[in-house]
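Now for the letters of each chain:
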Amino acid sequence: MTDLSDQSRRNFLTQCLAGAVACGAGAALRAPAQPPPATKSCVAIARDPMLRGAGMDLDPHRLAALLDRTMLALFGSVHATATSNESILAVWRRIAGPDDTVSLKVNTLGGRGISTHVDLVAAVCDRLQRAGVHPANMIVWDRDTEEMERSGFRIAIGGDRVQCYGTDRVGYEDELSAWGSVGSRLSKILTRSSTVLINLPVLKDHDGAGVTIALKNMYGAIHNPNKYHPNGCDPYVADLNMLPEIRSRLKLVICDATAAMYEGGPGFKPEHSWKANSLLVSEDAVALDYTGWQMIEHKRAEMGLKTLEAEQRAPHYIATAADGQHRLGHCDPSRIAVVEA
Amino acid sequence: MKGKSATAECPACTPIDRRSFLMCALASGAALGAGELAAPAVAVPLASCAESQSDAQFTFEARFYEKLANRKIRCKLCPRECIVGDKERGYCGVRENRGGVYYTLVHSRVCAAHIDPIEKKPLFHYLPGTTAFSIATAGCNVNCKFCQNWDISQSRPEEIPAEYVSPHQAAAAALQNNCPTIAYTYSEPVVFAEYLMDTADAGHAAGVRSIVVSNGYIQHDSLVEAYGKMDAVKIDLKAFTESYYTKVVTGQLKPVLETLVTLRKMGKWTEIVYLVVPTLNDDDAEFRGLAQWVKANLGPDVPLHFTQFHPEYLLKNLPITPVPTLERAKAIADAEGLHYVYIGNVPGHPAQNTYCPQCRKMLVERVGFTASQLLIRKDSTCPFCRHKIPGIWHA
């Protein structure tokens, strides 16, 4: 399995094939803007109470197995076994292939306590590689390189390996991209070095936005996220995700809910986090955000806290993302099929 | 160094390139004339930019905030009053909560510097014909859709090249370049209030004045403390309706009007610029309401500049303001009894000159950004009729 952590990176690198991709090279869009969402969206959730064994650290093998279960459930291969390599590869080939450059947008704002886990990203890269994507054509990225390092990622630039660095290393486009209330310069990693975007957010409370999951994770792709926090980030989050550079590339959301926060976010507050030991996967970021929001509300109720609505910080941007102007996905529960893997 | 070349008098000005700026600010004793001003510099690659900047040297605890529970803070600098959680930044993007302590990240972090005619600010009743050593940091507390300097004002400090320029270095650079004034401008000086205050102190100690070009979107106490150190203030009054401030500026009108009244009470020399944007704030009733409010609350002697809009940033779909629109605005304000109403961004227009409101004779002639003739006497009176002309005319 691919491991991007310091310890096992060497092993992974030796497995990589030759080839390189120049950072900043132009990349053609693979498809035009997405059509309106299907009549129903699927969100697959998988849980593993034994994900950490008896200790606190994630078991990377169990985490990879959890990922496989979730992906198979999402794409309808519910009868296949998790060990069926062909089924798993078939699923990943739907996401990307040998001609693609895949960018994996992680979330590392919260440090090691509440960031996309390195082992999960490594498992995704491993499966993409097996699906035919060249390692050097995968870029793990976030806003800031130092934040990524603090969250356990080892920075890799150049060579025949999975690339891993922040936008601060290459910068933002000079030209603005605009939609609705949003006018921003986008990360060159997204615009110039990826044909496919996989969004790998975490599941957490946000003091202003209510929750921050998949849609809001794209704030890490622009130069001016500070401008889009008023009014609970509504409609900014939805408008941002309408930018063609994002919308046309986004193929999959894999939410790392191995650890999650129900209060006190977005900074890590151990007293408000819980080991959810879960993954959520969907092609519909809106449906996934709605589902994740409900998980947080459930946990809040369990902990005796008010709902986010009662605290006047419900994430209304999720409904905005689903409205007639945006049509980024579904937030009506009757149109979301939650599949427990 | 970043910034944008301006075609006329607007906050956007051509910055000195990186090398020239360092020479100007830190080493050279030679005056830097207009002929030596470089074209906008191409930024160094961001990677090397980030590596060259030590975050610590620009990071100081902010002065205007209060601590809240759970390591949150409430910023008290501008009316927005951002409540900022740990590891987050305020709307301006240049202030960050680190463990419950709020920091400015832009103290001495100068991303644009230039020697400008004071007429370019524009300040028409303040030391005409002199130059100002003009500096800015990244950041702004609003997000005007027409911003001409959005590449610095709407960026976080680590995204754009900058140099360390201490308050004393800024004052020394002004002196070395024969600038009687330091101007805080280009982006929004409210967000670098601490640096502005320290630099004004250093400048005054060295015999250099300070002026600020600001949106006026600032809390009362911060205004009094920070702009109390200024020798003159130019306020961009973006419109005279709350809806415009909400939709186009992402701010509020009321606090800006309160700022103008406070500055008046403080006795600060203040001039107002109103950027006339076609179809958005160019209504006769709005011009009239503005002029009436200025006269009633600030008096008839406050200079009011109606300036021409050029399509920029997120408002590229609108045309340049027709000159007749500006002339109509001036006519309305004149009719309401304001004494000094100017038209800006239209080089050569006669409404760029200053006329005595009593005898109507021309007292200051301006050609572009140059004051070509200054007839006002040392005692600030008209040489023809001895009418008092308000302003700071002579050093």
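Above: the structure in question.
Description of the structure in this document.

Glancing now at the overall build of chain A. Counting its secondary structure elements, chain A contains 10 helices and 13 strands. When the 341 residues of chain A are sorted by exposure, 60% land in the buried category. Intrachain contacts of chain A at a sequence separation of at least 6 include 73% that bridge at least 24 residues.

In terms of helices and strands, chain B carries 11 helices and 19 strands. With 395 residues in all, chain B has 54% of them scored as buried. Expressed as a percentage of contacts within chain B between residues at least 6 apart in sequence, the contacts between residues at least 24 apart total 69%.

Residues and elements named next belong to chain B. What the 3 strands build is an open sheet, ordered β1-β6-β5; its pairing is antiparallel. Of all the strands in the sheet, just β1 (60-61) and β5 (95-98) have a single pairing partner and so form its edges. The pairing of β5 with strand β6 (residues 101-104) spans 4 bridges and is classified as antiparallel. In the strand pairing of β6, Asn97 is matched with Tyr102.

Residues and elements named next belong to chain B. Packing of helix α5 (residues 167-176) against helix α6 (residues 193-205) brings their axes to within 8 Å, and their N-to-C directions diverge by 50°. Put simply, α5 runs oblique to α6. For the crossing formed where α5 meets α6, the hand is right-handed. Between α5 and α6, the residues in contact are Pro167, His168, Ala170, Ala171 and Ala174 and Asp198, Thr199, Asp201, Ala202 and Gly203, respectively. Tallied by class, residues from the contact of α5 with α6 come to 5 nonpolar, 3 polar and 2 charged.

Residues and elements named next belong to chain B. One open sheet accounts for 3 strands, arranged β2-β3-β4; its pairing is antiparallel. Two strands close off the open sheet at either side, each with one partner strand: β2 (65-67) and β4 (83-84). The sheet contact formed by β2 and strand β3 (residues 73-75) spans 3 bridges and is antiparallel. The partner of Tyr65 across the bridge, within β3, is Cys75.

Moving on, we get to the interface of chain B and chain A. Taken together, the contacts link 19 residues of chain B with 16 residues of chain A. Residues that form the side of chain B that touches chain A fall into these classes: 6 nonpolar, 7 polar and 6 charged.

Definitions and limits used
- Residues numbered from 1 in each chain as written.
- Chains lettered and ligands numbered in written order.
- Predicted model: local features only at pLDDT ≥ 70, side-chain atom pairs only at ≥ 80, totals over all residues.
- Helix = DSSP H or I, 4+ residues; strand = E, 2+ residues; numbered from the N terminus.
- Buried ≥ 20, exposed ≤ 12 C-beta atoms within 10 Å, placed from the backbone.
- Contact = placed C-beta atoms within 7 Å.
- Pairing = 2+ DSSP bridges.
- Axes fitted to C-alpha atoms, helices over the stretch in contact; angles between N-to-C directions.
- Parallel < 35°, antiparallel > 145°, perpendicular 65-115°, else oblique.
- Left-handed = near helix turned anticlockwise from the far one by under 90°.
- Nonpolar A, V, L, I, M, F, W, Y, C, P; charged D, E, K, R; others polar.

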